[in-house]
Amino acid sequence: MSNQSGDTTVAATAGPRRTAAEATADPRRWLALSVIAVAQLMVVLDATVVNIALPSAQEALHISTADRQWIVTAYTLAFGGLLLLGGRIADFFGRRRTFLVGLLGFAGASALGGAAVNAETLYAARGLQGAFGALLAPAALSLITVTFTEAKERAKAFGVFGAISGGGAAIGLISGGLLTQYANWRWTLLVNIPIAIVAFVAALPVVRESKATGDTKYDIPGAVLATVGQVALVYGFTKAATDGWSSGVTIGWLAAAGVLLAAFVVWEARAKHPLLPLRVLWDRNRGTSFVVSVLVGAGMLGMFLFMTFYLQQTMGYSALKSGVAYLPFSAGIIVAATLAARFLPRVGPRVIMAVGGVLATAAMIWLTRLDLHSDYVVDILPAFIAMSVGMGLVFVPLSSVALTGVANHDAGVASALVNTTQQVGGSLGTALLNTIFTTAVTGYLTTHGAEPLQQAEAAIHGYNVAFTASAVLLGVAALLVILFIRRTPADASSTTDQEQVPVLVH
């Protein structure tokens, strides 16, 4: 009822300009947002819900310790590597149609993984999940972009999307603990099937189709170069975690990635129908937001990855109890994302993102104090709260900055870049921070000996060094926001409108 009153007040005050905007708005846009949010939650959950089930799946399918990483990596490589192509397909094939295909494909891949009888089938299913997720995620975000055209409504929509994207990771840890402990590891995959089917049925009557007009040819060479280049880069960093930075395999993959990605940029500058129009990157705010997205994705893994090990191996928490320990993080993300959406039109993205980046950096610095006898309430909870608020304040304006001013023809590819940078950042962060952790532990044991107490202390030392590296990544992201993100004329216009026109937010 409050929204209706707010719309009436705005219409009466703003006159014909507001009435014309209302006349073109999709009357079912908020229902569409709820469906899109459910689908996005499924994709985000899948990135973490399986992590809790890794030990059970490894034992059931007799997967070696060296190969168990592929349960996660197969998904990450396919998802991050194909997102750019997925965004372009959404633009030209139709965003609604791509969204629906992604839902059905994701459900099918989840069924295959849940029924896997060997490691190879599970790896293939995870790769297919990533591929269909690469269709689903950019289609979902671009649907929000083209459905919500009014500044303050779009800010609210991005607030919902940011809360889902940020809080879904922690919710996935809880869900994974529940399903693994009280059902079976296979249900961490099978649970996607009813969610996808419900979202598919609900989307049919409420999600409106949209697609780019004009030239709709696909850039196949660009897609191959971008996908293979990103896969090589992620795989190179993954190998660095196991083989070391100086190994020939690591250097070879990273060199190949550099050549492929450089060739991709050259090709895109000359191609008639580029997969990634370079004009999408050259905007100062948008280009900075993509770099910040990579750094934040990498830095945040420092908390999720190592805190999970710390809670279970050092503090002795069960999988479920570890998931429950992340509940304050989920709540903080949702609250902060809601506040960010409300204040974004008024103060602009720079202030909100900078405050969020500083809070996240401070949280990682706080975690470097952990030892063998740390207390959850005193030593961990404050960092969880600060990190969650910081991430909530970053995610909402980050998506807005990355997509503001993008032409309708490029909405899908810009949306894909938001997800691509977060996925690539998370993958690179996992490899980089795990390598730093392993090196720190090895160095500590070499110096102090390898008795049981020293081994426990070595793990704590490794966590603290990894948390320090995460703090550096997040600090650099905050510094880039302060130096390069600027308030645009569109931001000022939104602020002026909000100050002059009374709007009931709730």
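These figures come from a predicted structure and were not determined experimentally.

Calculation rules
Residue numbers restart at each chain and count upward from 1, following the sequence in its written direction. Local features in this predicted model are restricted to residues whose pLDDT is 70 or higher, and side-chain atom pairs enter the listing and the counts only when it is 80 or higher, whereas totals over whole chains, interfaces and linings include all residues. The basis for every side-chain value is the complete set of heavy atoms in the structure, and neither hydrogens nor water enter the calculation. Runs of E in the DSSP output that reach at least two residues are strands. Runs of H or I that reach at least four are helices, and both are numbered from the N terminus. For every residue, the accessible area (1.4 Å probe, protein chains only) is compared with the maximum for its type, and the residue is labelled buried under 20%, exposed over 50%, or partly exposed between those bounds. Note on contacts: a residue pair is in contact if any heavy atoms of the two residues lie within 4.5 Å. Throughout, the Shrake-Rupley method with a 1.4 Å probe supplies accessible areas, and for residues the shown protein chains are the sole cover considered. What makes a salt bridge here is a side-chain nitrogen of Lys or Arg within 4 Å of a carboxyl oxygen of Asp or Glu, nothing more. Angles run from 0 to 180 degrees between N-to-C directions of axes, and those axes are lines fitted to C-alpha atoms, restricted for helices to the stretch in contact. The cut-offs work like this: below 35 degrees is roughly parallel, past 145 is roughly antiparallel, 65 to 115 is roughly perpendicular, and the gaps in between are oblique. Left-handed describes a crossing whose near helix is turned anticlockwise from the far helix through less than a right angle; right-handed describes the clockwise counterpart. Charged residues are taken to be Asp, Glu, Lys and Arg, nonpolar residues to be Ala, Val, Leu, Ile, Met, Phe, Trp, Tyr, Cys and Pro, and polar residues to be all remaining types, Gly included. When two rings of Phe, Tyr or Trp (its six-membered ring) have centres within 6.5 Å they constitute a pair, described as stacked for plane angles under 30 degrees, edge-to-face for angles over 60, and tilted for the intermediate range. Bend at a given residue is defined as the angle between two axes, one fitted to the seven residues that end at that position and one fitted to the seven that begin there. Per-residue confidence from the prediction method is given by pLDDT, with values spanning 0 to 100. Among buried residues, those of type Ala, Val, Leu, Ile, Met, Phe, Trp, Tyr and Cys that are joined through side-chain atoms within 4.5 Å constitute a nonpolar core. A patch consists of residues whose relative accessible area exceeds 30% and which take part in no salt bridge; residues with like charges are grouped when within 9 Å of each other, and nonpolar side chains (Val, Leu, Ile, Met, Phe, Trp, Tyr) when within 5 Å.

Student: What is the right way to look at the overall build of the chain in this model?
Tutor: A count of helices and strands for the chain gives 20 helices and zero strands. Across the 506 residues of the chain, 54% fall into the buried class. Within the chain, contacts between residues separated by at least 24 positions form 83% of all contacts whose residues are at least 6 apart in sequence. Accessible surface computed for the chain: about 20,500 Å², of which carbon and sulfur atoms make up 68%.

Student: What is the right way to read the pattern of salt bridges from this model?
Tutor: A pair can form between side chains of opposite charge whenever their charged atoms are brought close. Taken as a whole and assessed by the stated rule, the structure comprises one salt bridge. Ionic pairing is found between Asp 379 and Arg 369, a salt bridge with its closest N-O pair at 3.6 Å. In this pair, Asp 379 is assigned in helix α17 (residues 376-403) and Arg 369 in the loop between α16 (349-367) and α17, connecting sequence segments 10 residues apart.

Student: Even after reading the chapter, I still don't get unusual backbone geometry, so can you show me in this structure?
Tutor: Located in the positive-phi region is His 62, a residue other than glycine, with phi close to 55°. Here His 62 lies in the loop between α3 (29-60) and α4 (70-93). The class of His 62 is exposed, set by a relative accessible area of 73%.

Student: So what exactly am I meant to see when it comes to the packing of α3 against helix α6 (residues 119-147) here?
Tutor: Their axes nearest at 10 Å, the elements α3 and α6 cross at an angle of 150°. Compared by their axis directions, α3 and α6 come out roughly antiparallel. The way α3 lies across α6 gives a crossing that is left-handed. Contact with α3, carried on its side by Arg 29, Leu 33, Ile 36, Ala 39, Gln 40, Met 42, Val 43, Asp 46 and Val 50, involves Arg 126, Gln 129, Leu 136, Ala 137, Ala 140, Leu 143, Ile 144 and Thr 147 of α6 and no other residues of that element. Looking at side-chain class alone, the contact of α3 with α6 contains 11 nonpolar, three polar and three charged residues.

Student: Where do I start with the packing of aromatic side chains in this structure?
Tutor: Each aromatic ring pair is specified by the distance between its two centres and by the angle formed by the two planes. This structure, assessed with the given rule, holds seven aromatic pairs. On the numbers, 5.2 Å between centres and 10° between planes, the contact of Tyr 326 with Phe 384 is stacked. Of the two residues, Tyr 326 sits in the loop between α14 (319-325) and α15 (327-347) while Phe 384 sits in helix α17, which places them 58 residues apart along the sequence. Comparing Tyr 326 with Phe 384 shows no difference in burial state: the two are buried.

Student: In this structure, what is going on with α4? I would like to understand it.
Tutor: At 3.6 residues per turn, the α-helix brings residues three or four places apart onto the same side. At Leu 83, α4 shows its strongest bend, of approximately 50°. Phi turns positive, to about 115°, at Gly 94, one or two residues after α4.

Student: Explain the confidence of the model for the chain to me, please; I cannot follow it from the model alone.
Tutor: Atomic detail in the predicted coordinates should be set aside for any region of low pLDDT. In the predicted model, the chain carries a mean pLDDT of 80, and 86% of its residues have values of at least 70. A low-confidence stretch, residues 1-16 (pLDDT under 50), is modelled with 21 contacts involving residues beyond four sequence positions or located in other chains. Across residues 492-506, confidence stays below pLDDT 50; counting only partners more than four residues off in sequence or on other chains, it has 30 contacts.

Student: Quick question: what am I supposed to make of the nonpolar core here?
Tutor: Generally speaking, a soluble globular protein has its nonpolar side chains buried in company with each other. Grouped together as the largest cluster of nonpolar side chains are 59 residues, with contacts concentrated most on Phe 99, Leu 103 and Ile 144. Here Ile 144 is in contact with Leu 33, Ile 36, Ala 157, Phe 158 and Phe 161, once residues within four sequence places are set aside.

Student: Can you help me understand the environment of Ala 32 in this one?
Tutor: By secondary structure assignment, the location of Ala 32 is in helix α3. Between the alpha carbons of Ala 32 and Thr 147 there is a distance of 8.7 Å; along the sequence they are 115 residues apart. With sequence-adjacent residues up to four places away left out, Ala 32 is seen in contact with Val 206 and Val 207.

Student: Teacher, can you tell me more about the environment of Ala 137 here?
Tutor: When you line up the elements, Ala 137 lands in helix α6. Its relative accessible area of 0% is what places Ala 137 among the buried residues. Separated by 47 residues in the primary sequence, Ala 137 and Ala 90 place their C-alpha atoms 9.8 Å from one another. Contacts of Ala 137, omitting those with residues within four sequence positions, involve Gln 40, Phe 79, Leu 83 and Asn 419.

Student: Explain the packing of α4 against α6 to me, please; I cannot follow it from the model alone.
Tutor: A pair of packed helices is captured by two measures, namely the crossing angle of their axes and the spacing between those axes. Contact geometry of α4 with α6 gives a least axis separation of 6 Å together with a crossing angle of 30°. Compared by their axis directions, α4 and α6 come out roughly parallel. The two elements α4 and α6 meet at a crossing, and its hand is right-handed. For the contact of α4 with α6, the class distribution of residues is 19 nonpolar, six polar and one charged.

Student: Can you walk me through a nonpolar patch on the surface in this structure?
Tutor: A grouping of Phe 93, Val 101, Tyr 218, Ile 220, Val 224 and Val 228 is seen on the molecular surface, where their side chains present a nonpolar patch of about 500 Å² in accessible area. Residue contributions to the nonpolar patch peak at three residues, all from helix α10 (residues 220-243). Inspection of the secondary structure puts Val 224 in helix α10.

Student: What exactly am I supposed to notice about the environment of Val 160 here?
Tutor: Counting through the fold element by element, Val 160 comes out in helix α7 (residues 151-182). On the basis of relative accessibility, which here comes to 35%, the residue Val 160 falls in the partly exposed class. Taking C-alpha positions, Val 160 is 8.2 Å from Ile 334, a pair spaced 174 residues apart along the chain. What Val 160 contacts, discounting residues up to four positions off in sequence, is Leu 33 and Ala 37.

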